[in-house]
Amino acid sequence: MLVDSHIHSSFSDGVYSPSELWHKVVEKGLAGWALTDHDTMNGVEEARLFGSTHYPDKFFVAGCEFSTHHSEVGEVHILAYFFRSYEGILPLLEEYRKSRIQRARIMVDLLRKEGYHLEWDELVSRYEDKPLGRMHLARALVAAGYLSTPSQAFQGLLDNRGRCYVPRREIRPEEVIEAVSWAGGWPILAHPTFLVESDNHRHIREWVKRGMVGIEYRHPRVSESISAFLLGEYRSLLLVSGSDFHDEGGEKDLGKYGVPLAWWEKALENERKHDVKA
Ligand code: AMP
Ligand code: FE
Ligand code: FE
Ligand code: ZN
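Note that this is a predicted model, so its numbers are computed, not measured.

Draft legend 1. A look at the coordination of the zinc ion (ligand 4). Coordination sphere of the zinc ion (ligand 4), protein contribution only: His-6 (NE2), His-8 (NE2), Glu-65 (OE) and Asp-244 (OD), at 2.0 to 2.2 Å. For the zinc ion (ligand 4), the 4 donor atoms in the first shell make angles of 84 to 176° at the metal, so the coordination geometry reads as irregular. In the primary structure, the donors to the zinc ion (ligand 4) are separated according to the pattern H-x1-H-x56-E-x178-D. Between the zinc ion (ligand 4) and the iron ion (ligand 2) the interatomic distance amounts to 5.0 Å. Here Asp-244 lies in the loop between β7 (238-241) and β8 (259-260) and Glu-65 lies in strand β3 (residues 59-70), a separation of 179 residues in the sequence. Considered together, Glu-65 and Asp-244 belong to a single accessibility category, that of buried residues.

Draft legend 2. Broad picture of the domain arrangement of the protein. Looking at the protein, the domain boundaries give domain 1 (2-89 + 169-277) and domain 2 (95-154). Placing a centre on the C-alpha atoms of domain 1 and another on those of domain 2 gives a separation of 26 Å. Counting residues at the interface gives 17 residues for domain 1 and 10 residues for domain 2. Contact with domain 2 buries area across many residues of domain 1, yet Asp-13, Asp-39 and Arg-169 alone supply 40% of it, more than any other trio.

Draft legend 3. Molecular detail of the packing of aromatic side chains. Tallied over the entire structure, the rule returns 15 aromatic pairs. With 5.6 Å between their ring centres and 85° between their planes, Trp-22 and Trp-33 make a pair best called edge-to-face. Highlighted residues: Trp-22 in helix α1 (residues 18-27) and Trp-33 in strand β2 (residues 32-35), separated in sequence by 11 residues. Exposure remark for Trp-22: the relative accessible area of 1% places this residue in the buried category. In this structure an aromatic cluster arises from ring pairing among Phe-59, Tyr-81, Phe-83, Trp-186 and Trp-264. For Lys-24, the ring lying beneath its charged end belongs to Tyr-16, and the centroid distance is 4.5 Å.

Conventions we followed
Residues numbered from 1 in each chain as written. Chains lettered and ligands numbered in written order. Predicted model: local features only at pLDDT ≥ 70, side-chain atom pairs only at ≥ 80, totals over all residues. Heavy atoms only, no water. Donors = N, O, S within 2.8 Å, 3.2 Å for Na, K, Ca; no water. Tetrahedral: all angles 85-135°; square planar, octahedral: opposite > 155°, others 65-115°. Helix = DSSP H or I, 4+ residues; strand = E, 2+ residues; numbered from the N terminus. Buried < 20%, exposed > 50% of the residue type's maximum accessible area, 1.4 Å probe, protein only. Domains from an automatic or database assignment. Contact = heavy atoms within 4.5 Å. Buried area = accessible area lost by both parts, 1.4 Å probe. Phe/Tyr/Trp six-rings, centres within 6.5 Å; stacked < 30°, edge-to-face > 60°. Lys NZ or Arg CZ within 6 Å of the ring centre and 35° of its normal.

See the structure below:
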């Protein structure tokens, strides 16, 4: 029985609400899941409430996927899991939310210069509580009739080399690791394909020294050979796996990625022992 440890809801850039995700996860025969929206934990309350009412025997962990930037290797995603309160992380999440709104404003202005008019007030009122990002703009471009699929927006407009792309405010991996640890969460490196391919293990080791406790070793964008390598190289860390499910396109991966429930239970058990000693 697997726990899919990486899933996005409509509280970030996924299309399904946490309640809808519960049904999907259970239909696929999973033992449980982790909600890991980008830079927000606003969906956790709904997920917890719905799970405890409808699926009390299933496993759930509140998580988040932080987008960070490293000066040498570029974009690094860090998953964070919180088994207790996540209140301590709220100030950092508020910083993320505000800076995303400022950045989206600039991208909307750039899009207008290219002939794509999106209503800023409408976007803000719709997404104010969400980590407004490129996927939302891509869907708005489709809704406005400019494109037929969101992925077309990532072919020259909003992709990293696109004409209307603006980088997010650069928050370093170390800042997130520190803030998550301080708030009582577990920081885990997400889908490290690029770091492995570019042989940047020294960064991974440095982050582990600073408090990173695990690595996402299986993911749709981590090849089988890299997974096998990570499993051997980082076996002393907590290894997690998830589908990164956002929408219909990822449906095939739901139920396929995940870690055995026993792995999470063992990690929790270890933490409890640690608590007793401390
Ligand atoms: P942001 O955090 O605002 O920079 O947006 C990142 C999100 O945009 C990702 O989580 C994906 O959902 C989407 N995205 C980024 N690059 C691409 C791409 N090349 N093709 C499709 N979606 C993408
Ligand atoms: Fe996403
Ligand atoms: Fe990611
Ligand atoms: Zn993700």
